[in-house]
Amino acid sequence: MNNNTFDDILIKVENISDLKAQDIPSLDLYMDQIMTLFDINLADNKRYEDDKLLTKTMINNYSKEGLLKPIKGKKYSKDHILQMLLIYSLKNTISIQEIKKVLQPYHESTEKIEPIYNQFLEDKKELSHCVTTSIQEFIHENNINLDDHDQLTMMILLLCAISNQYKTIAEKLLDTYYQDIEE
């Protein structure tokens, strides 16, 4: 893999699609419609084509765990979908119980969920660009040649270490600011 290919990967990951709040229908949706909405709008978030971004089991588990506000009938509101999108953003890094603690304030007071979601997407785009730029600068400044297997291995190790660092920071924030919240 040459460095241009790596730059293409960085740019592709930086520009991975998000489902914007304004693209979520105001009408309540059935579970199958929500899964289709995720599949269509977040398709490039999948690592493998047959990966599932959201399943009926996931939605049911989120409801059982109290991560989603109770539904009326069998349809989910825009607020439910926003809650699912926030859960989706957190679930690969922190536990369901930790997600519950973080999102609890938006469970009862759902008028706050759309503004926080919109701000999250805006800030995520900016921070993602900073990450891409810093990785590109690091590779350039250190003359890393990704066609060299040893240097490619080192780059993968570094990226995994940084990923772990970000996860540890999130865990320390949870441990510091959410320790008094009951599960």
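Further up the page is the structure itself.
Now for a quick tour of the structure. Keep in mind that what you see is a predicted model, and the values were worked out from it rather than measured. (Residues numbered from 1 in each chain as written. Predicted model: local features only at pLDDT ≥ 70, side-chain atom pairs only at ≥ 80, totals over all residues. Heavy atoms only, no water.)

Digging into the environment of Phe138
Rule in force here: Secondary structure elements follow DSSP: runs of H or I of four or more residues count as helices, runs of E of two or more count as strands, with numbering from the N terminus. Should any heavy atoms of two residues lie within 4.5 Å, those residues are counted as being in contact.
If you trace the backbone, Phe138 turns up in helix α7 (residues 113-141). Taking the C-alpha atoms as reference points, Phe138 and Ser109, 29 residues apart in sequence, are found 43 Å from one another. The contacts of Phe138, once residues within four sequence positions are left out, are Ile144 and Leu158.

Quick word on unusual backbone geometry
To keep it simple, the criterion reads: Note on classification: 1.4 Å probe, protein chains only; a residue is buried when its accessible area is under 20% of the maximum for its type, exposed when over 50%, partly exposed between these limits.
One non-glycine residue, Asn143, lies in positive phi territory at about 50°. Note that Asn143 resides in the loop between α7 and α8 (149-177). You can call Asn143 exposed: its relative accessible area is 65%.

A short note on the side chain of Lys78
Worth spelling out the cut-off: Pairs of N or O atoms within 3.5 Å make up the polar contacts considered here, provided that, within protein, one atom can donate a hydrogen while the other can accept it, and that residues adjacent in sequence are counted only when both atoms are side-chain atoms.
Locating Lys78 in the fold gives a position in helix α4 (residues 78-90). A polar atom in the side chain of Lys78 sits 3.1 Å from the backbone oxygen of Ala21. Leaving out residues up to four positions away in the same chain, Lys78 has contacts with Ala21, Gln22, Ile24, Pro25 and Glu114.

Keep in mind that these numbers describe shape and distance, not what the molecule does.
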